[in-house]
Each structure stands twice: as C-alpha cells, then as structure tokens.
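Letter by letter, the chains look like this.
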Amino acid sequence: MTIENNGIETIIHDDHFTRYRLKDTSIAKGINTADSFQFDILPNNPGYLLLQELTTYIEVLNTTNSNLVFKGRVLSIQNQLNSDGTFYKEVICESQMAFLNDSIQTYKKVQMKPYDFFKYLIDTHNAQVDVKRQFQLGNVIVTNSTNYLYCYVEDGLKTFDEIDTDLISNNDLGGELKIRNENGIAYIDWTHDQNIKGKQEIKLNKNLISLNAKPNLSNVISVLYPFGATIENDSSDSSTDTASDVASPRLDISSVNDGKKYIESAELIGRYGRISGTKSWDDVKVASNLLAKAKAYLETFKPVTIGYELEAVDLFQLGLAVDDFKVGNYYRVINQFEGIDDYFRIISISLDINNPLQSSLTIGDKSVSWAEFQLQSNQNNLLVANLQLKTAQLETISLAAQQKLVILQSTLDTIPSDLKSVKDNLQKQIDDLKGNNSGGDNNDDVHVGKIIDVSEFQTDINFSSLKADDVSLVIIRVQYGSNRADKYYQQNISRAQAAGIRYAVYAYARYVSDTDAKQEALDFYNRIKAAVGNGTGPAFYMIDIEEATVTSGTARSAAAAWVSKMNTLGVSNTKLVAYIANHLYDTFNIDVSQFGSIMIPSYGKNDGTVAGSTPPTHPYDLWQYTSVGSVSGISGNVDMSTAPSDRFKTQYLK
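Residues numbered from 1 in each chain as written. Predicted model: local features only at pLDDT ≥ 70, side-chain atom pairs only at ≥ 80, totals over all residues. Heavy atoms only, no water.

This brings us to the pairing of strand S28 (residues 576-580). Counting buried residues along S28, five of its five residues qualify, which places the element largely inside the surrounding structure. Residues Leu576, Ala578 and Ile580 of S28 are buried on one face, and the alternating residues Val577 and Tyr579, pointing to the opposite face, are buried as well. Both strand S27 (residues 541-545) and S28 contribute to a ladder of five bridges, which runs parallel. When the sheet's bridge partners are listed, Asp544 is paired in S28 with Tyr579. Viewed along the sheet, the connection from S27 through helix H11 (residues 555-568) into S28 turns out right-handed. (Buried < 20%, exposed > 50% of the residue type's maximum accessible area, 1.4 Å probe, protein only. Helix = DSSP H or I, 4+ residues; strand = E, 2+ residues; numbered from the N terminus. Pairing = 2+ DSSP bridges. Right-handed = clockwise from strand over helix to strand, strands pointing away.)

See below:
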C-alpha cells in the first residue's frame, strides 16, 4: 500500500514487514457509491507525518493477483490517544468516485441522447478539477426505449448527485457507475449489470462461516402516486428557458380516477398502514394509460427486499479457487440448513487487509411479496429449531468448533498432496480442535503462560510485573545486524535474571553473505556472554530471518553458516531457534532441520487476540500471533506468541 504527495510515493503498509503495518484496516466497497477505506496508523510508520486531508492519494494493491483493491484520497485524519499514553491517527479515505463531488453542474434544459448528456456531465466535471481527479469516458451503453432524454439540471448540484438523480435513479435508465484504472488512465463506465457469475462457491461445510437474512422494508408503498410525462409550458416564447421550467407539472391520474391522484392497495395498507410513494413514467402522455400502468405496477409490487449478510473464507487467497470475491458479480450460495441454493449478487463487501482470507459480504437484494417473506421466515424458524435440537445432542464440541472443523477438513481434502507444508498446518489446526494435537499443551507438567519478545522499542520494562502477569518466556533482542546493538539488551537480560524469569535471546539477521553471517553470529554470542556474566543463561539463541538481505550466495547457505559458527562457539543445534517470515518461508528455503524449533509470525487481523489471528501456512513450533499484545510491566504494544509444540515446551519451558 502506498501514498502519494506531489508525485512522491511512500509505502505505509506491507504484509511482509511489521514496521509497514496498519491497524484496524477496513475497506468497504459497493455499487454506485464511493468506496471507503479506514485504518489506524502508528507514529513509527513512515507515512505518519505525511498524510494530508484531500491532497494525499492512496492505493491498495492485492499482491496475490496484482489487482488494484482501492484507489482514492485521504478524507479525514483524527489524532487519537491510547490509555497508555501512546498516539495514533485514525484515517478515513474515499475512492475516486468521490471526486465527482468536487465539481458542480449549472442549470440546463436537457434534450439529448443519454450518452451525450453523460459525456456533457463528465466534461463539465473535468473542466473544474485537476488532472488527477479527471475521468475519461469508458464503456457507456445505458439508454432508454427512445434513446432520448428530457430533464433539467439544477443550479449548484454536485456532479455525482446530478448523475444519480437524472440517470442512475431514473426508472427508464438506471445502470451502474464503475471506475477502471488502466495504463495510468481513470475510465468511468456507465453500464448495466453484466450478470457475471463467479466460479467460487460460498458453501456451508466448505467456506461459509455465517449467514444472516436482512429484510428491508424501506421501499414499502401502500399508496401510489403515479406521474407521467412533463406537461409542456404553454409559453409562446419557446426560445427562452426559465426557472419556471423546472417546476413544470407532470401528468397525473386525477382526470380518470374520480379526482384522486393516487391509487392504493387494501392488502398492503392492512399489513403496513398508509405509506405513500411515487413512480414516474416519462413516456406516458395519456392519463388512462398512466392509470393502467400504475394498477399493474401495484398489483405485482414486491415490497420486501431480502438481502443476506455473510462471512466467508476467500479460497482464492489459499490458492484453492480461480477467482476472488468481487462486488457486482454473482456467486452460488449453498446453505442446506436454510434451504438456500441459488446465485446471489454481491452488492457490498467489507475487506480487512490484515486478514484477507475472510470477507464480510452483503448479497441478494431479491424483492419478494409479503406472503413469500412470511413463508420464508416460517421455514427458517423451523430449520433453526431443528438445528438447535441437533446442537443440544452434541456435548463435546461447540457448534462453532464443529463448523470450523468441517471447513478445515473440507479444505484439507482439496489440497494436493504435494503441498505438504500447507496440509501439515491445516492438519495441526484440525488436531487442535479435536484436542489431539501433539503441538498443543499436552505436557501436564509444563505450565505455559504468556510468551513475548522485546527490544528497545518497549524501552524500560518491569520484569517483576511480567512475572506476576504469568509471562513464562521473554525473548530478548540483542542486535540488529552486527553494527547495531539493541539499546536495552543488557538491562533486559540483567533484569530477567534478577526476577527469575525464563528468557531467550535473538539477533535480527542483516548479513549479506555466508562470511557476514558468521561474523554476526560471533558478535551475537560475544554480546550475550558479556551480558550474562555469572547469571542464568538464555533458554535458546534465535536468528530472526524476515528480510531478503543476502546478495552473495543464498539465504539457505547464509543461515547454515550462522548455525555452523554458533556450533563452533559451543551452542548445540537444539539450543538454536529460527524465526522465519511466513511469506518468505519457501523463498528462503532454510534447512529447518538444523534448528531445535521454528517460530513463525502470522497476524491476520492483528487485534491482539488469538481468535482474530491467522495461523502460519508452514509447520511451526511457536506462532507469533500479534504485534499489539499487552502485558503488565510494558507500556505499549508487545509481540506475543502462542501454541508451543511439545518439543518447544520440553526443550525450553521445563
């Protein structure tokens, strides 16, 4: 993710590096609306001081498929203060569609083709804004039966509001606006629903997590006021357009309906009461024809709109589907418990870039009659009752755990056998749920409390408070490459010894070659030896490999050289641990057999909870699940880990 100020780009978020990471990220996308992007940014982020309202532009790229997820600008910035005294900024961004609110339209009597009018509106917008907020006309295919439009543009109306009023919300036109970015050009399309069916299914027992029906009664009308074509002004001066044109009346049905301008539905009034609404037919110029159309409309009117909110795992992110979820596309949704098996359109989607696997979707918007709505509600109630009965019979595993177990097992069955690391990790999650995981807390004599890692960023730490807060292990950073010793490592080691708290040490790898790796190992060992003195030594020595720094040789050979040097210094392989970036695990191709344990970071939502985190996709002995954890004795955030394997507990926690 990048921001741009005056042509200068800055990275502010990258899943691969913890210092380029935003918090509480949420992208909301919809149809015929400006998308929004909200996030929190911390002071140590390179973009913290660069964000400016309205002038900072922002792009979010999906690195899995190189698709542009969001493009727009910063709308608002709010400075916030945590209870611990730390600052952050709460940022809201709006997409390019919102640029249409930066220009206005002036009064105009419109008598032209819909295409020409749309072009006129976009040209007017472009003339008022700078080039970064301009659009080129793209696919414009919406029209009406006559391919002719008659309307008025109000003075001072924003361009987006004018497009919505006279084009999108026009019953004879409609359609959808979309912004496409190709080769540095922003195209604006005005098209109909393309009826594109996605190939990924959303299915219970596969990737559907939750689904809730959302009936919408906001469009209910029981008393209908129909209107036809605008009655032409009788003024003899036809060459003059005046403001009175805007107020010209429309054809109504009073002349053929006993003086009443409305018709009503006794059934709908009985259900909802008297709720008035209108519908216009611009091409109807005869009152009797207008009355006939209005009656037919009200008789077939379906007042209840049913949509669904759901959460689903995007299997594309796991490489198990050929497409991802896109707003406007249709996807087959299958939930046998509620009798749902149909294609539904995604009309809005909420994405968390820190947890791309899971999406919150709004689908459907199918209009139904009152009777259909009641029938569906009754059927759903019966199905829920049946589901509750089945749940009551299951005493050992919760419904949520069962559903997750089924999803994981189904996903595991679809993964090719050659993707061993992915299968091993999913199997571990399945075993966790079943309570049979060899990597879980099955050593009854080993107490596993909180596991954290610290550096100079946590500044002054109270180790007695850590111990009182059930911290079982503190992994202390000693250096960032050979040339930069951590400012607090000596103090942290000394205080851990004094408090009687178990600790380990780690070095952030910056080596560029095998020779450089050996030097970093030597400097690491010597610094630890001097700091430990006659006190208790570390539980293990860890190398933190999360950046591609090697320029001579390979990451694998450099890591092996580091291990070899530590061995010559008297440190056994069992006492060596490798911390390997999850996204670079395969690229680095480290020989993990040389290490006593493997630690892997994988955050997901990074909200400080295990439930909101996504486990690594490679085998691990310790999972670092968040960088925003909280413990007594540390002011501010701290990295926290969980799920130690049996060998990790046996080697380092006993």
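Past the structure itself, the notes keep going.
In this section: the packing of helix H1 (residues 114-128) against helix H2 (residues 159-168). Packing of H1 against H2 brings their axes to within 10 Å, and their N-to-C directions diverge by 170 degrees. Relative to H2, the element H1 is oriented roughly antiparallel. Where H1 approaches H2, its residues Phe117, Phe118, Leu121, Ile122 and His125 are matched on the opposing element by Thr159, Glu162, Ile163, Asp166 and Leu167. (Axes fitted to C-alpha atoms, helices over the stretch in contact; angles between N-to-C directions. Parallel < 35°, antiparallel > 145°, perpendicular 65-115°, else oblique. Contact = heavy atoms within 4.5 Å.)

The topology assignment puts Glu162 in helix H2. Among buried charged residues, Glu162 stands out as having no salt bridge; its nearest opposite-charge side chain is Lys108, 11 Å away. Setting aside chain neighbours within four positions, we find Glu162 in contact with Gln105, Phe117, Leu121, Tyr152, Val153, Glu154, Leu157 and Leu167. (Lys, Arg positive; Asp, Glu negative; His and termini not counted. Salt bridge = Lys/Arg side-chain N within 4 Å of Asp/Glu carboxyl O.)

This next bit is on the pattern of salt bridges. Pairs can form between side chains of opposite charge whenever their charged atoms are close. All told, the structure shown has 23 salt bridges when counted by the stated rule. When the shortest N-O distance is used, the salt bridge between Arg345 and Glu176 registers 2.6 Å. Of the two residues, Arg345 is situated in strand S22 (residues 340-351) and Glu176 in strand S13 (residues 176-182); the sequence distance between them amounts to 169 residues. A relative accessible area of 9% places Glu176 in the buried class. Ionic pairing is found between Arg510 and Glu547, a salt bridge with its closest N-O pair at 3.2 Å. Taken together, the positions of Arg510 in the loop between strand S26 (503-508) and helix H10 (514-532) and Glu547 in the loop between S27 and H11 put the pair 37 residues apart, joining distant regions of the chain. For Glu547, a relative accessible area of 13% translates into the label buried.

For the rest of this paragraph, the subject is the environment of Lys467. Relative to the helices and strands, Lys467 is located in helix H8 (residues 463-468). Separated by 35 residues in the primary sequence, Lys467 and Arg502 have C-alpha atoms spaced 9.3 Å apart. Once residues lying within four places of it in the same chain are set aside, the contact partners of Lys467 are Ala499, Gly500 and Ile501.

The subject of this paragraph is the packing of aromatic side chains. Counting across every chain of the model gives 18 aromatic pairs. Ring geometry for Tyr150 against Tyr152: centres 5.8 Å apart, planes inclined by 80 degrees, an arrangement best described as edge-to-face. Residue classification places Tyr150 among the partly exposed residues on the basis of a relative accessible area of 24%. For the pair Tyr480 and Tyr508, a centre-to-centre distance of 4.7 Å together with 35 degrees between the ring planes defines the contact as tilted. Separated by 28 residues along the polypeptide, Tyr480 in strand S25 (residues 471-480) and Tyr508 in strand S26 bring together distant segments of the chain. By the ring-pair criterion, three or more aromatic residues cluster together here, those being Phe37, Phe39 and Phe70. Sitting over the ring of Tyr120, Lys108 keeps its end group 4.9 Å from the ring centre. The lysine or arginine in question, Lys197, covers the ring of Tyr343, its NZ or CZ lying 4.2 Å from the ring centre. (Phe/Tyr/Trp six-rings, centres within 6.5 Å; stacked < 30°, edge-to-face > 60°. Lys NZ or Arg CZ within 6 Å of the ring centre and 35° of its normal.)

Right, let's get into the side chain of Ser641. With respect to the helices and strands, the residue Ser641 is situated in strand S31 (residues 638-642). For Ser641, the contacting residues outside a window of four places in its chain are Ile451, Met599, Leu622, Trp623, Gln624 and Tyr625.

Let us now look at the packing of H10 against H11. Relative orientation of the contacting elements H10 and H11 amounts to 35 degrees, with a least axis distance of 8 Å. Two packed elements cross with a definite hand, and for H10 against H11 that hand is right-handed. Only Ser557, Ala558, Ala561, Trp562, Lys565 and Met566 of H11 make contact with H10, whose side of the interface consists of Asp514, Ala517, Lys518, Glu520, Ala521, Leu522 and Phe524. Split by residue class, the contact of H10 with H11 holds eight nonpolar, one polar and four charged. (Left-handed = near helix turned anticlockwise from the far one by under 90°. Nonpolar A, V, L, I, M, F, W, Y, C, P; charged D, E, K, R; others polar.)

The next thing to look at is the nonpolar core. Ile452, Leu466 and Trp562 are the most contacted members of the largest nonpolar core, which has 55 residues in total. Sequence-distant contacts of Ile452, that is, excluding residues within four places in its chain, are made with Leu466, Val471, Leu473, Val474, Ile475, Val631, Ile634, Val638, Asp639 and Met640. Residues Phe135, Val140, Leu149 and Val153 belong to the second largest nonpolar core, which totals 25 residues. (Core = buried A, V, L, I, M, F, W, Y, C linked by side-chain atoms within 4.5 Å.)

Moving on: the confidence of the model for the protein. When pLDDT is averaged along the protein, the result is 82; 76% of the residues meet or exceed 70. The low-confidence segment residues 235-246, where pLDDT is below 50, has 10 contacts with residues more than four positions distant or belonging to other chains. Note on residues 435-442: pLDDT is under 50 here. Beyond four places in sequence and across chains, it has 18 contacts. (pLDDT = per-residue confidence, 0-100.)

Let us now look at the sheet that holds strand S14 (residues 185-191). Remark on secondary structure: sheet strands pair via backbone hydrogen bonds, oriented parallel or antiparallel. Strand order in the open sheet formed by three strands is S10-S14-S13, and the pairing between neighbours is mixed. The sheet is open, and its two edges are formed by strand S10 (136-140) and S13, each paired on a single side. Neighbour-to-neighbour, the strand axes of this sheet turn through a mean angle of 30 degrees, independent of strand direction. Its contacts with the sheet place H1 against S10, S13 and S14, and it is angled at close to 155 degrees to S10.

For the rest of this paragraph, the subject is empty space enclosed by the protein. For the coordinates displayed, the defined rule picks out two cavities of 30 Å³ or more. Approximately 50 Å³ is the volume attributed to the largest cavity. Contributing to the lining of the largest cavity are Ala509, Tyr511, Ile545, Glu547, Thr549, Val550, Ala555 and Phe588. Partitioning the lining of the largest cavity into residue classes produces six nonpolar, one polar and one charged. Reported here for the second largest cavity is a volume of approximately 30 Å³. Residue lining of the second largest cavity: Lys178, Asp193, Gln194, Asn195, Ile196, Val327, Gly328, Asn329 and Arg345, and that is the complete set. Within the lining of the second largest cavity, the residues separate by chemical class into two nonpolar, four polar and three charged. (1 Å grid on protein atoms, 1.4 Å probe; cavity = no way out; pocket = protein on both sides within 12 Å on 5 of 7 lines; lining within 4 Å. Points joined across faces, edges and corners; volume = space filled by probe spheres on them.)

As summarised here, the arrangement of the eight strands in space is S24-S25-S26-S27-S28-S29-S30-S31, forming a closed barrel in which the pairing is mixed. Within the sheet, the average angular offset between the axes of one strand and its neighbour, ignoring direction, is 30 degrees. Inspection of the sheet shows strand S24 (residues 450-454) paired to S31 by three bridges, in the antiparallel sense. Residue pairing for S31: Asp453 is matched across the bridge by Asp639. Sitting on the sheet, helix H9 (residues 489-499) is in contact with S24, S25 and S26, with an inclination near 155 degrees to S25. Across the sheet, helix H13 (residues 646-653) touches S24, S25, S28, strand S29 (597-601) and strand S30 (622-629), and the angle it forms with S29 is around 110 degrees.

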